[in-house]
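Understanding the architecture of this molecule
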Amino acid sequence: MRYLSPASFDDAIAQAAQAPGVTRFLAGGTDVLVQMRADIVTPDTLIDIKKIPGTHDIARAPDGGWTIGVAVTGAEMREHVDLGADWPGLVEAMDLIGSTQVQGRATLTGNLCNASPAADSVPAMIAAGVTLTVTGPEGSRTVAAEDIPTGPGQTSLARGELVTAVHIPPRGAGGGDAYLRFIPRTEMDIAVVGCGVNLTVEGDTITAARVALGAVAPTARLAPQAASAIIGTTLDDAALDALAAAASAACAPIDDKRGTVKFRTHIAGVLARRAAKIAYDRARKAQ
Amino acid sequence: MALDEYKPQKGGDELEQGHAFKYVGTRPDRPDGTDKVTGRARFGADITAPGMLHGAILRSPHAHARIVSIDTAKAEALDGVKAVVTRADFSDAIQPAPGMAGEMWNVLENVMAGDKALYDGHAIAAVAATSALTARDAVKLIEVTYEVLPHVTDVDAAMADDAPVIRDGTADKSVPPGLHPNVVRYHQSGHGDVATGFAEADLVIEDSFTTEATHQGYIEPHACLGILGGDGKGELWCCTQGHWNVQKICAALLDLETSQLRVTASEIGGGFGGKTTVFIEPVALALSRKANKPVKLVMSRAEVFRATGPTASTSMDIKIGMNKDGTITAAQGVFRAQGGAFPGAPMEFTAMCAFAPYNLANVHQVGYDVMTNRPKQAAYRAPGSPMAAFAVESVIDELCNQLGLDPLEVRLKNASREGTRASYGPKFQRIGLVETIEAAMAHPHYSAPLEPGQGRGISCGFWFNHGGETSVTLALSEDGSAQIMVGTPDIGGSRSSMALMAAEVLGIPYENIRVTVADTASLGYNEVSHGSRVTYASGLATIKAAEAAVRELCRRAAAKWGIEEDAVYWEDGYAKPSGPNAGDFEPLHISKITRRMGATGGPINGHFEATPEGAGVSFATHIVDAEVDPETGSTKVVRYTVVQDAGKAIHPTYVEGQFQGGAAQGIGWALNEEYIYGADGRLQNAGFLDYRIPVASDLPMIDTVIVEVPNPGHPYGVRGVGETSICPPLAAIANAVSAAAGVRMRNLPMSPPRILAALEEQSGG
């Protein structure tokens, strides 16, 4: 096994292009190292991108949004006051992952590219409208978060491509987001269902919304019908009922050791309702 | 506690009445604390040797398969590989036998498969190589041809007529005719006439319950270093609850003379019963013998889950009759337990503990030990008892609900007391159940108001406790300090308790005593640290060993003073003349005697060897408040109080820790922990992500009340405390959850999907 730590993304891409066999990019390593230890994968080449300048930066973008470096850890996001004020749901979603020790290593990009349907930060990213810069031998392109994972452990990244930056849109006035997950314990667990809600209000009325669900399909997914159910409403009981029904309807889960189809479908509705209330509350306070 | 070691305790009158304690009952710092927080403590995987090889084990991917062939040629040819072993490298002198009579063969069969792979994870072959990665790669090169057989993992399914037979001829003579060959042992006990008792009852409730297999979940995976030469002499370091037992088993499995194998127990990162047997130790020794090098074997967590011993899973039917005044008129239980592909599920403990808290005129219990294609069960903290309490105490709770009776009043009314004939046979000596119930009733928790959505549950629980073979030696140093050699690995603070008891006898400070867990070559035989026996049995032996040393100290003082030995007594670290008639001598401090011991008759030591049989049984009463989210089925334990009889708490902080630990493990077992098997018979959750032990934030602060009803079988009144604490939680939590959710929960774990399904079923959805 070769371990490489390139000083630029160009070098990383060139190294990946030349590497034979199995290559893994290493950011925090909270998935890759665990998989290596569990004998799930033994890469021939490990390319550590943490030493590339800028990968640890959280920067305000010219449009008022945020650019997050690919090696920024969950702990660094949580400690960033302005980021947390804009996108509390996204920051909280990232913060739910693992232990304090894992938070010191884990990254948004890694969580997305590991392509687990249950990844906590991913529904929050999708709800927030996060986009990624994906760079490879052919140049760079911009991809929506929901278009990165294509199935469990599978992504739309071509061989030699990697995510080089994370872009969070500008928050704007009257916006709020929230992410909730269901786990049988209180922490250190994997989502049985996850739900991110991001919305904007004018007065008491919701003018825009995005709802995303995790662990109820092969990938985290956007639930446009669920969002439609609350746009134009004041999140009254009828809207909440419609939201819950639409969220449940958007589920295509499996029965497994973590939950049944019936349970997951039901919980998706419960979480959508609860997350929407939190996001709505935050949005009204942010006007 | 091994099945064949249980026998009713005889009692005894060791208790030293009116003892005024100076050291016992205090809370000094633990002697191993600094080592553990600084990383100096050496656990199983911390032991190394020059030239050491690393071992790895090939494990069956099938739940049940005939092993047609094993080809190790490619693995042996890999650079760095020094030895490959299969079953052929172990003793062929050990023969199978029915039931527990074949236990040595069962252990061998479990350590390394013979003709068949009996469960997912069963060891098939092992490799020793110059690095751990090479060993791992070599394992993948071993070619095994399997003929996959039908499998069964569920206890009830394994008893059905069409169940695959795991090993014909395993049933012993206890099993009635007509049962499936997977039923390998049978137990029945009780007294009175339950039919008459049920006829007298105002209300009879009959119900069925299940519990899933749970793992002890010790934080330290099994690890060992073995050295064995062609001369039959060996050394073994391992994390274990009992190294004499390891010595005995390894010697048998490898055709060694027991005394030629020296076994040293490392510090232990938890055991809870799961480290009372062997899994990898004989394999490391077999590899070492073949490679002629030291071999280290360390299990991964996945291996721990797949191939070490979880507890049994159970299926139980309970029938209890009660009068309107709360008197139980009759009780009967049927307990079916599976313990993997071998005999040994602790169903007789389940049956015997089930109704032990109650004074019953009519009681009958039946147990079935059933084999399935799962790993060989190992002891887990009061093996068998927690499940019994869950089923029995749930039915009592339901009877109380339907008759409108206070659940603690009913327990008190029916409680076993001194002289009660136990449901499992003997008459109880002095016991403390009533005192725990009364303390629970008086506790502010029991009368505290509940919030909406919360329910309160209570349960009593019982465990036998155990004595067992024990050796202790104590040696005094020239400066008057003392070193104690015990043979019971310290799994719950026993070194501290031994030092306190020795300090009490010798009259020297706790800090002046060092307690060491001796290796098998340095002390006489000691049974495993199990059955909550250590503070009782090693404690008793420590007291007697210290008393022997004190007698010699008094003799030396008498000789110096020129008076009779019996004119000298020992007090607070000094030899003193017993009165004016004995003479007027300045009291002689221990250090003044030990300083000259070489010249006054030689070293001063004390030792004691016995199989004490006065381990007092122990009872506990738990109170739990739980809150259930009816939308998600999620349960939160919001308040928990443990009340337990400790006999005498030697080191109360450790006793409280045992109380809390039992409750914490019980919360996991009740709410989320379970072995999940797929239709293919493979374990689905061999890791802590999906095997859900509670994390710290899942638990409330667990309040403890130590009740002290002295055990007459111990000089200071000690009863074992380690196991009883896990007997009531499953039931108490189930009763709390059932009250909070408004629906009776009969199947553990009470995971959120199960609770939602029960709520839906009740509402007719």
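This is a predicted model, so every value here is computed, not measured.

Regarding the overall build of chain A
If you tally the helices and strands in chain A, you get 11 helices and 14 strands. Relative to a compact globule of 287 residues, whose C-alpha radius of gyration would be 19 Å, chain A shows 19 Å and is just as compact. Based on the C-alpha atoms only, the size of chain A along its principal axes is roughly 60 × 45 × 35 Å. Look at the contacts in chain A between residues 6 or more apart in sequence, and 64% of them connect residues 24 or more apart.

Let's talk about the overall build of chain B
Across its full length, chain B holds 20 helices and 26 strands. What you see for chain B is a C-alpha radius of gyration of 27 Å, in line with the 27 Å of a compact globule of 765 residues. Reported as C-alpha extents along the three principal axes, the dimensions of chain B are approximately 90 × 75 × 50 Å. A buried classification covers 58% of the 765 residues belonging to chain B. Considering only contacts in chain B between residues 6 or more positions apart, those separated by 24 or more positions represent 81%.

Overview of the environment of Thr196 of chain B
Summarising the element assignment, Thr196 of chain B is placed in helix α6 (residues 194-200). According to the C-beta neighbour criterion, Thr196 of chain B is partly exposed, with 13 such atoms within 10 Å.

Brief notes about the environment of Ser208 of chain B
Here Ser208 of chain B lies in strand β8 (residues 203-211). Looking at Ser208 of chain B, the number of C-beta atoms within 10 Å reads 13, which means it is partly exposed.

Remarks on the domain arrangement of chain B
Residue and element names in this part refer to chain B. Here chain B is described as being made up of domain 1 (10-41 + 467-610), domain 2 (45-151 + 222-307) and domain 3 (404-465 + 616-762). For domain 2 and domain 3, the distance between their C-alpha centres works out to 37 Å. Taken together, the contact pairs 9 residues of domain 2 with 8 residues of domain 3. Residue composition of the side of domain 2 that touches domain 3, by class: 3 nonpolar, 3 polar and 3 charged.

Structural notes on the packing of helix α10 (residues 347-354) of chain B against helix α11 (residues 385-403) of chain B
Residues and elements named next belong to chain B. Direction vectors running N to C along α10 and α11 enclose 45°, while the axes themselves pass 8 Å from each other. Looking at the two axes, α10 sits oblique to α11. The way α10 lies across α11 gives a crossing that is right-handed. Touching Phe349, Thr350, Cys353 and Ala354 of α10 are Ser385, Met387, Ala388 and Val392, all from α11. Here the contact of α10 with α11 is composed, by residue class, of 6 nonpolar, 2 polar and no charged.

A closer look at helix α3 (residues 103-111) of chain B
Among the residues of α3 of chain B, those classed as buried are Asn106, Val107, Leu108, Glu109, Asn110 and Val111 of chain B. For α3 of chain B, the elements touching its buried residues are β5 (123-129), α7 (243-253) and α8 (281-291) of chain B.

Describing the nonpolar core
Among the nonpolar cores identified, the biggest contains 323 residues, and Ala247 and Ala272 of chain A together with Val283, Ala502 and Ile733 of chain B are the most heavily contacted of them. Residue contributions to this core peak at 13 residues, all from helix α16 (residues 534-561) of chain B. When neighbours within four sequence positions are excluded, Ile733 of chain B is seen to be in contact with Gly457, Val624, Ala626, Val637, Gly666, Ile667, Ala670 and Leu671 of chain B. The next biggest cluster of nonpolar side chains, apart from the first, holds 5 residues, and it includes Tyr218, Phe272, Ala378 and Tyr380 of chain B.

Describing the sheet that holds strand β3 (residues 45-48) of chain A
All names here are of chain A. Within the open sheet, the 3 strands sit side by side as β1-β3-β2. Their pairing is parallel. The sheet terminates laterally at β1 (2-4) and β2 (23-26), the two strands that pair on one side only. Pairwise comparison of adjacent strand axes, ignoring direction, gives a mean angle of 20° for this sheet. Relative to β3, β2 runs parallel, the two sharing 4 bridges. What sits directly across from Phe25, in β3, is Ile47.

Observations regarding unusual backbone geometry
Geometrically, the link from Leu748 of chain B to Pro749 of chain B is a cis peptide bond, its omega value of -5° lying close to zero. By secondary structure assignment, the location of Pro749 of chain B is in the loop between α19 (729-741) and α20 (752-762). In this structure, Ala215 of chain A takes a positive phi of about 65° despite not being glycine. Its place among the elements puts Ala215 of chain A in the loop between β13 (205-214) and β14 (221-222).

Brief notes about the interface of chain B and chain A
With 18 residues of chain B at the contact, the number on the chain A side is 16 residues. Ranked by the residues each element gives to the side of chain B that touches chain A, the list is headed by α20 of chain B, at 3 residues. A class-by-class count of the residues in the side of chain B that touches chain A yields 7 nonpolar, 6 polar and 5 charged.

Let's talk about the packing of helix α5 (residues 88-95) of chain A against helix α8 (residues 121-128) of chain A
All names here are of chain A. Relative orientation of the contacting elements α5 and α8 amounts to 165°, with a least axis distance of 8 Å. It follows that α5 is roughly antiparallel to α8 by the angle criterion. Here the hand of the crossing between α5 and α8 comes out left-handed. Within the contact between the two elements, α5 uses Gly89, Leu90, Ala93 and Met94 and α8 uses Ser121, Ala124, Met125 and Ala128.

Details of the sheet that holds strand β11 (residues 261-265) of chain B
All names here are of chain B. Read from one edge of the open sheet, 7 strands run β3-β5-β1-β12-β9-β10-β11, paired in mixed fashion. One side of each edge strand has no neighbouring strand; the edge strands of this open sheet are β3 (81-85) and β11. Adjacent strand axes in the sheet meet at a mean angle of 20°, parallel and antiparallel pairs treated alike. Running over the sheet, α7 touches β10 (234-238) and β11 and is turned about 145° from β11. Relative to strand β9 (residues 223-228), α8 is tilted by about 35°, and along the sheet it contacts β1 (53-59), β3, β5, β9, β10 and β12 (295-298).

Each value, and the rule that gives it
Residues numbered from 1 in each chain as written. Chains lettered and ligands numbered in written order. Predicted model: local features only at pLDDT ≥ 70, side-chain atom pairs only at ≥ 80, totals over all residues. Helix = DSSP H or I, 4+ residues; strand = E, 2+ residues; numbered from the N terminus. Rg over C-alpha atoms; globule rule 2.2 N^0.38 Å. Contact = placed C-beta atoms within 7 Å. Buried ≥ 20, exposed ≤ 12 C-beta atoms within 10 Å, placed from the backbone. Domains from an automatic or database assignment. Nonpolar A, V, L, I, M, F, W, Y, C, P; charged D, E, K, R; others polar. Axes fitted to C-alpha atoms, helices over the stretch in contact; angles between N-to-C directions. Parallel < 35°, antiparallel > 145°, perpendicular 65-115°, else oblique. Left-handed = near helix turned anticlockwise from the far one by under 90°. Core = buried A, V, L, I, M, F, W, Y, C linked by C-beta atoms within 7 Å. Pairing = 2+ DSSP bridges.

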